[in-house]
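Take a look at the letters that make up each chain.
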Amino acid sequence: METLQQLSTTAHIWSEAEEFIRLFHLENPSAGDPRDRLAAVRREIEESGTYRHTHEELVHGARVAWRNSNRCIGRLYWNSLRVRDRRDLTGGDEIAAECFEHLREATNGGRIRPTITVFAPEAPDRPGPLIWNEQLVRYAGYGDHPSVTVGDPRNRELTEALREIGWAGGPGTPFDPLPLVVQGCDDKPRWFDLPADAVLEVPIGHPDGDDWADWGLRWHAVPAISNMCLEIGGIRYPAAPFNGWYMGTEIGARNLGDSDRYNLLPVVARRLGMDTSSDRSLWKDRALVELNRAVLHSFDRAGVTIADHHTESRRFLTHLQREECKGREVGADWSWIVPPISGSATPVFHRTYEDRRQTPAYVHLPGAQERARGIDLV
Ligand code: ARG
């Protein structure tokens, strides 16, 4: 006997599934008429409470989820996302190993390839796997008072959680890559050190003279989000790390510049001999520009893919045009799309967008971190 709860979950999965299967067949005419597939999916849901995507459905679903990411300016290439289908993996150690392989393949010697690896979905009888880290590569944040923090303050909680499950800590530099914490299906969280050959980093120097070399600034090459759940047609894949390439401002303006991150604007200004005694000298603005020049220059020098915000803004407008030609509406969140520096010098600033939610989608699972933390560790 099914409980009411199970019945309503089944109804929900079916309605989402139906919508997705129709979309898949609409956008992939070679897949033919959707009727047979719809009937098969319906039967599978009635019998098992869930269904399995075909490989083609998974690939298209992951790509459309990117297309539907209202906060992402980089969606022009949504249809070329590489999809690594690892749905048969449920254990922490095999998932960690495949995350490392993901990093190697996505890094591709510096020619970054947008890639996603999809692990086991949630099932009616067991939870899906979970990655605690918000990205595959994150730097430790040590210390509990802002003024004594070493590293990235954003990751202080994760660093602390890692210590609780037995990690001894890194060497204590401002850029210690954190181990990956993976919770397999029905398992407790385990941590795995990132192999050195899986993490490409770029030393940051300034184009006008290299007195920044001794400073030791660096950043990792690949932004790989690992704590968002991929939702396709009523199925949830809570462990599905994905990456694109960086846009320079993410590092130069936000990660290194934000006062609650590496807070480097005062240091940059001092290094470049700026007068920081009054806001009206615009030293922060000038420091931001120099830091962003340094990031773009350094990635170029290292042969690592990075976009500047002018180019990426133009690409986004091309994306809007292309989608419009296909008769599809693009949702977007202005406050995320407009770059954090020189916004009005880019074309994406001078218009508005509809922030409509569409599925498939990448979503933050409410309570995922809490669920992770709630686990009995001993
Ligand atoms: N802003 C995040 C970071 O600086 C990365 C978010 C995803 N970015 C991307 N270009 N795909 O690490």
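Everything quoted here is computed from the prediction, not taken from an experiment. (Residues numbered from 1 in each chain as written. Predicted model: local features only at pLDDT ≥ 70, side-chain atom pairs only at ≥ 80, totals over all residues. Heavy atoms only, no water.)

Soluble globular proteins: nonpolar side chains tend toward being buried together. Core analysis: the largest hydrophobic core is formed by 49 residues, its most contacted members being L180, W219, I251, L256, L264 and F299. Listing elements by their share of this core, those giving two or more residues are α4 (92-107), β6 (180-183), α6 (248-255), α7 (265-271) and α8 (283-302). Element by element, the count of residues in this core is highest for α8, at seven residues. Judged by nonpolar contacts, the second largest core, of 29 residues, contains W14, V59, W66 and I232. (Core = buried A, V, L, I, M, F, W, Y, C linked by side-chain atoms within 4.5 Å. Buried < 20%, exposed > 50% of the residue type's maximum accessible area, 1.4 Å probe, protein only. Helix = DSSP H or I, 4+ residues; strand = E, 2+ residues; numbered from the N terminus.)

As a further point, take the sheet that holds β6. With respect to topology, three strands assemble into an open sheet ordered β3-β6-β7, the strand pairing being antiparallel. Here the strands that pair on one side only, and so sit at the sheet edges, are β3 (130-131) and β7 (189-192). Pairing of β6 with β7, which is carried by four bridges, proceeds in the antiparallel orientation. When the bridges of β7 are listed, Q183 appears paired with P189. Docked against the sheet, α4 engages β3, β6 and β7, running at close to 140° with respect to β6. (Pairing = 2+ DSSP bridges. Contact = heavy atoms within 4.5 Å. Axes fitted to C-alpha atoms, helices over the stretch in contact; angles between N-to-C directions.)

A separate point is the side chain of T50. With respect to the helices and strands, T50 occurs in the loop between α2 (35-48) and α3 (55-67). Look at T50 and you get buried, because its relative accessible area is 19%. What T50 contacts, discounting residues up to four positions off in sequence, is E44, I45, P124 and I235.

Turning our attention to the side chain of E231. Secondary-structure assignment places E231 in strand β11 (residues 228-232). Residues within four places of E231 in sequence aside, it is in contact with R236, R357, T359, P360, A361 and V363.

Further remarks concern the pattern of salt bridges. Going through the model one piece at a time under the given rule, you end up with 28 salt bridges. Close ionic contact of R67 with E323 constitutes a salt bridge, the shortest N to O distance being 3.9 Å. Of this pair, R67 sits in helix α3 while E323 sits in helix α9 (residues 309-325), placing them 256 residues apart in sequence. As far as the burial class goes, R67 and E323 line up, both buried. (Salt bridge = Lys/Arg side-chain N within 4 Å of Asp/Glu carboxyl O.)

What the three strands build is an open sheet, ordered β12-β11-β16; its pairing is antiparallel. The sheet terminates laterally at β12 (235-237) and β16 (361-364), the two strands that pair on one side only. Direction aside, neighbouring strands of the sheet carry axes that sit 35° apart on average. Together, β11, β12 and β16 form the strand contacts of α3, whose direction differs from that of β11 by roughly 120°.

As a matter of local geometry, the ligand sits amid Q135, R138, P223, I225, G244, W245, Y246, E250 and N255. Contact distances for the ligand include 2.7 Å between a nitrogen atom and a backbone N or O atom of W245. When isolated, the ligand has an accessible area of 350 Å², and the protein chains bury 71% of it. Residues that form the shell around the ligand fall into these classes: four nonpolar, three polar and two charged. (Near = heavy atom within 4 Å. Polar contact = N/O pair within 3.5 Å; in protein donor to acceptor, adjacent residues only side chain to side chain. Areas by Shrake-Rupley, 256 points an atom, 1.4 Å probe, with all protein chains shown as cover. Nonpolar A, V, L, I, M, F, W, Y, C, P; charged D, E, K, R; others polar.)

Turning next to the state of the cysteines. Taken as a whole and assessed by the stated rule, the structure comprises zero disulfides. Just so you know, C185 is unpaired, no disulfide at all, and the nearest cysteine sulfur is the one on C229, 12 Å from it. The exposure class of C229 is buried, given its relative accessible area of 1%. (Disulfide = S-S within 2.5 Å.)

So, on to the pairing of β11. Along β11, five of the five residues are buried, which leaves the element largely enclosed by surrounding structure. Sheet analysis places β11 next to β16, joined by four bridges and oriented antiparallel. Looking at the pairing, L230 lines up with Y362 of β16. Relative to β12, β11 runs antiparallel, the two being bridged by three bridges. Within β12, the residue paired with I232 across the bridge is I235. Counted along the chain from β11 to the antiparallel partner β12, the turn is two residues long, and its residue G233 has a positive phi close to 50°.

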